[in-house]
Amino acid sequence: MLATSGDSTLATDNPYVQSVIEDYRQVFPFADESVLRALALSLALLRAQNAVLARLEEFLALYDLTPARYRTVRTLFLAEGGLLPLNQISRKLQVTMANMTKQADWLEQRGWLQQRVAHPTDRRVMYARLTDQGLARLNAMFPAQFEMTKQKWSVISDDDQNHLLRILSDLRVSIDVRHAPDPVELAPPSGNDLKAAD
């Protein structure tokens, strides 16, 4: 259990996180509890993310999709009129055009989408759109995905889910607006500092 400020405490029942934090405590005795708590939170968040992604990858594999390919077809599915140029999909997903083209080529070969589709009112730009087969696959997949996701989060109450969303949103904003720390700030303490900490 890691102490927090005030009377509250932060506990984790994850043996891996506990083990890593105890190792940090032994090797870096000068690290205060706020540092150890931040490390524990980071480790727990990353492990939860990995578990969620692993389950999603298993599910998508049933439909011959990877998370990246799924994001591409989902973006088209949700697009107004079901049409988007590849460069807009690339910007939405924050991937390079080379990667976007590779994904689109694969999806087109498997019958998920069509590239180089002319817009009905603007023929200057080539668009991508889902095929009828791609639409049918997604319409069959989404209900199963929704149920899987609902079950996955059912262990957490609605209030806690909303609270978690706010926390993660605040965390993301805080990380995005801060500049990367100077490398000097991340340098390990000198030998004299270690001795002083003892």
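Everything discussed here concerns the structure shown above.
Residues numbered from 1 in each chain as written. Predicted model: local features only at pLDDT ≥ 70, side-chain atom pairs only at ≥ 80, totals over all residues. Heavy atoms only, no water.

1. Remarks on the overall build of the protein
Reasoning step 1: For the protein, the count of helices and strands is nine helices and five strands.
Reasoning step 2: Out of the 198 residues belonging to the protein, those deemed buried represent 25%.
Reasoning step 3: Of the contacts formed within the protein by residues at least 6 apart in sequence, a portion of 51% connects residues at least 24 apart.
Reasoning step 4: Accessible surface, the protein: about 13,900 Å² in total, of which carbon and sulfur atoms supply 55%. (Helix = DSSP H or I, 4+ residues; strand = E, 2+ residues; numbered from the N terminus. Buried < 20%, exposed > 50% of the residue type's maximum accessible area, 1.4 Å probe, protein only. Contact = heavy atoms within 4.5 Å. Areas by Shrake-Rupley, 256 points an atom, 1.4 Å probe, with all protein chains shown as cover.)

2. Remarks on the sheet that holds strand S4 (residues 113–118)
Reasoning step 1: Read from one edge of the open sheet, three strands run S3-S5-S4, paired in antiparallel fashion. Each end of this open sheet is capped by a strand with a single partner; those strands are strand S3 (83–84) and S4.
Reasoning step 2: Inspection of the sheet shows S4 paired to strand S5 (residues 126–130) by four bridges, in the antiparallel sense. Residue pairing for S5: Leu 113 is matched across the bridge by Leu 130. (Pairing = 2+ DSSP bridges.)

3. Side note on the environment of Gln 88
Reasoning step 1: Looking at where Gln 88 falls in the secondary structure, it is placed in helix H4 (residues 86–93).
Reasoning step 2: By relative accessible area, which is 31% here, Gln 88 ends up partly exposed.
Reasoning step 3: Gln 88 sits 13 residues away from Thr 75 along the chain, and the two C-alpha atoms are 10.0 Å apart.

4. Section: the packing of aromatic side chains
Reasoning step 1: Scanning the model with the defined rule gives five aromatic pairs in all.
Reasoning step 2: Ring centres of Phe 28 and Phe 30 lie 5.7 Å apart, and the angle between their planes is 75 degrees; this geometry places the pair in the edge-to-face category.
Reasoning step 3: Since its relative accessible area comes to 33%, Phe 28 is described here as partly exposed.
Reasoning step 4: Taking relative accessible area as the criterion, Phe 30 reaches 36% and is therefore assigned partly exposed.
Reasoning step 5: An aromatic cluster is present here, built from Tyr 24, Phe 28 and Phe 30 joined pairwise through their rings.
Reasoning step 6: Lying over the aromatic face of Trp 106, Arg 69 brings its terminal NZ or CZ to 3.7 Å of the ring centre.
Reasoning step 7: Positioned above the aromatic ring of Trp 112, the side-chain terminus of Arg 137 is 4.7 Å from the ring centre. (Phe/Tyr/Trp six-rings, centres within 6.5 Å; stacked < 30°, edge-to-face > 60°. Lys NZ or Arg CZ within 6 Å of the ring centre and 35° of its normal.)

5. Some remarks on the pattern of salt bridges
Reasoning step 1: If you walk through the whole model with that rule in mind, you get four salt bridges.
Reasoning step 2: In this structure, Glu 108 and Arg 116 form a salt bridge, with 3.5 Å as the shortest nitrogen-oxygen distance.
Reasoning step 3: By relative accessible area, Glu 108 is classed as partly exposed at 27%.
Reasoning step 4: A relative accessible area of 57% means that Arg 116 is categorised as exposed. (Salt bridge = Lys/Arg side-chain N within 4 Å of Asp/Glu carboxyl O.)

6. Digging into the packing of helix H3 (residues 67–78) against H4
Reasoning step 1: The contact between H3 and H4 brings their axes to 11 Å, and the two run at 115 degrees. The interaxial crossing formed by H3 with H4 has right-handed handedness. Between H3 and H4, the contacting residues are Arg 71, Thr 72, Thr 75 and Leu 76 on the first element and Ile 89, Lys 92 and Leu 93 on the second.
Reasoning step 2: By residue class, the composition of the contact of H3 with H4 is three nonpolar, two polar and two charged. (Axes fitted to C-alpha atoms, helices over the stretch in contact; angles between N-to-C directions. Left-handed = near helix turned anticlockwise from the far one by under 90°. Nonpolar A, V, L, I, M, F, W, Y, C, P; charged D, E, K, R; others polar.)

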